[in-house]
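Overview (structure and organization)
Here is what each chain is made of, one letter per residue.
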Amino acid sequence: MSESLVLVGPMGAGKSTIAKALAQKLQLQLLDIDQMVVDNAGADIPWIFDVEGEHGFRKRETFALQSALAQPKAVIASGGGLVTQLENRQLLAQVKLVVYLKASVQSQFQRTAKDKNRPLLQQSDPQAVLQKLFADREPWYQQVADISIDTDKNNPKEIVQKIVKQWKAAS
Ligand code: S3P
């Protein structure tokens, strides 16, 4: 069992921003799986996808998740594709609180439009990619999460308040 709080959800749902605010509010260590992968590889995500493929990235991501969960209580932001791996879903089942930050495909698209750091979206029609990923992954987000929060209907302050409430109830 891990005493941590993990945020899951698609690219552009605001996982990193909300995790930062939560870690501050709850006075917990902040861990970001993407950042751990980058630090460990000594290379950015586009480079890892380019050289090692998505498969190589996923292996690094699982390793980072294992390391993050082995640490004392923390707020952990994950990458949008973390839930695609069975091993990761099994690890998340052992976590105290998993929160799904839900966002419409349209807002995912708006929030990721200018970003060059997400290899899966460097396509001619990124909105269609987001739509497909959402259809594929939504059941997994639902499956691993204890609660889900709609980021289109709540502002960041409200999202943090809701999560803090759940965290206190689970403590
Ligand atoms: C990915 C999401 C990204 C990052 C990588 C792959 C995905 O993280 O892990 O580009 O498969 O959805 P964010 O959700 O933080 O953008």
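First, a word on what this report is: a plain description of the structure on this page. (Residues numbered from 1 in each chain as written. Predicted model: local features only at pLDDT ≥ 70, side-chain atom pairs only at ≥ 80, totals over all residues. Heavy atoms only, no water.)

**Section: the overall build of the protein**
A tally of helices and strands in the protein yields seven helices and five strands. If you list the helices and strands of the protein from N to C, you get β-α-β-α-α-β-α-β-α-α-β-α. The C-alpha radius of gyration of the protein comes to 15 Å, within 12% of the 16 Å expected for a compact globule of 171 residues. Its C-alpha atoms give the protein principal-axis dimensions of about 45 × 35 × 25 Å. Across the 171 residues that make up the protein, the buried fraction comes to 47%. For the protein, restricting intrachain contacts to residue pairs at least 6 apart in sequence, the fraction spanning at least 24 positions comes to 76%. (Helix = DSSP H or I, 4+ residues; strand = E, 2+ residues; numbered from the N terminus. Rg over C-alpha atoms; globule rule 2.2 N^0.38 Å. Buried < 20%, exposed > 50% of the residue type's maximum accessible area, 1.4 Å probe, protein only. Contact = heavy atoms within 4.5 Å.)

**A few points about the site of the ligand**
Looking at the ligand, there are 13 residues lining it, with Lys-15, Asp-34, Arg-58, Arg-118 and Arg-137 nearest. Between Arg-58 and the ligand, the recorded distance is 2.7 Å, taken from a side-chain N or O atom to an oxygen atom. Between the ligand and Gly-81, the relevant distance is 3.3 Å, taken from an oxygen atom to a main-chain nitrogen or oxygen of the residue. Here the ligand has 390 Å² of accessible area as a free molecule, and 95% of this is covered by the chains. Its residues assigned to classes, the shell around the ligand shows five nonpolar, three polar and five charged. (Near = heavy atom within 4 Å. Polar contact = N/O pair within 3.5 Å; in protein donor to acceptor, adjacent residues only side chain to side chain. Areas by Shrake-Rupley, 256 points an atom, 1.4 Å probe, with all protein chains shown as cover. Nonpolar A, V, L, I, M, F, W, Y, C, P; charged D, E, K, R; others polar.)

**Re the nonpolar core**
Counting 33 residues, the largest nonpolar core has Val-6, Val-8, Ile-33, Ile-76, Leu-92 and Val-98 as its most contacted members. Of all the secondary-structure elements, those providing two or more residues to this core are β1 (2–8), α2 (33–41), α3 (45–70), β3 (74–77), β4 (95–102) and α6 (126–144). For this core, the element with the highest residue contribution is α3, accounting for eight residues. Apart from the residues within four sequence positions on either side, Val-8 is in contact with Lys-15, Ser-78, Val-83, Leu-92, Val-98, Val-99, Tyr-100, Leu-101, Tyr-141 and Val-144. (Core = buried A, V, L, I, M, F, W, Y, C linked by side-chain atoms within 4.5 Å.)

**Considering helix α7 (residues 156–170)**
The end-to-end C-alpha distance of α7 is 21 Å, a good match for the 21 Å that 15 residues give at a rise of 1.5 Å each. Within α7, the full set of buried residues consists of Ile-159, Val-160, Ile-163, Val-164 and Trp-167. Along α7, the residues classed as buried sweep out an arc of 130° about the axis, all on the same side. Those residues of α7 that are exposed and aimed more than 90 degrees away from the buried face are Lys-157, Lys-165, Lys-168 and Ala-169. Those residues of α7 that are buried are in contact with β1, α1 (15–26), β4 and β5 (147–150). By the N-cap criterion, in which a side-chain oxygen at the helix start approaches the backbone nitrogen of a residue two or three places on, α7 is capped by Asn-155, the distance to Lys-157 being 3.0 Å. (Expected span 1.5 Å × (residues − 1). Arc of directions from axis to C-beta.)

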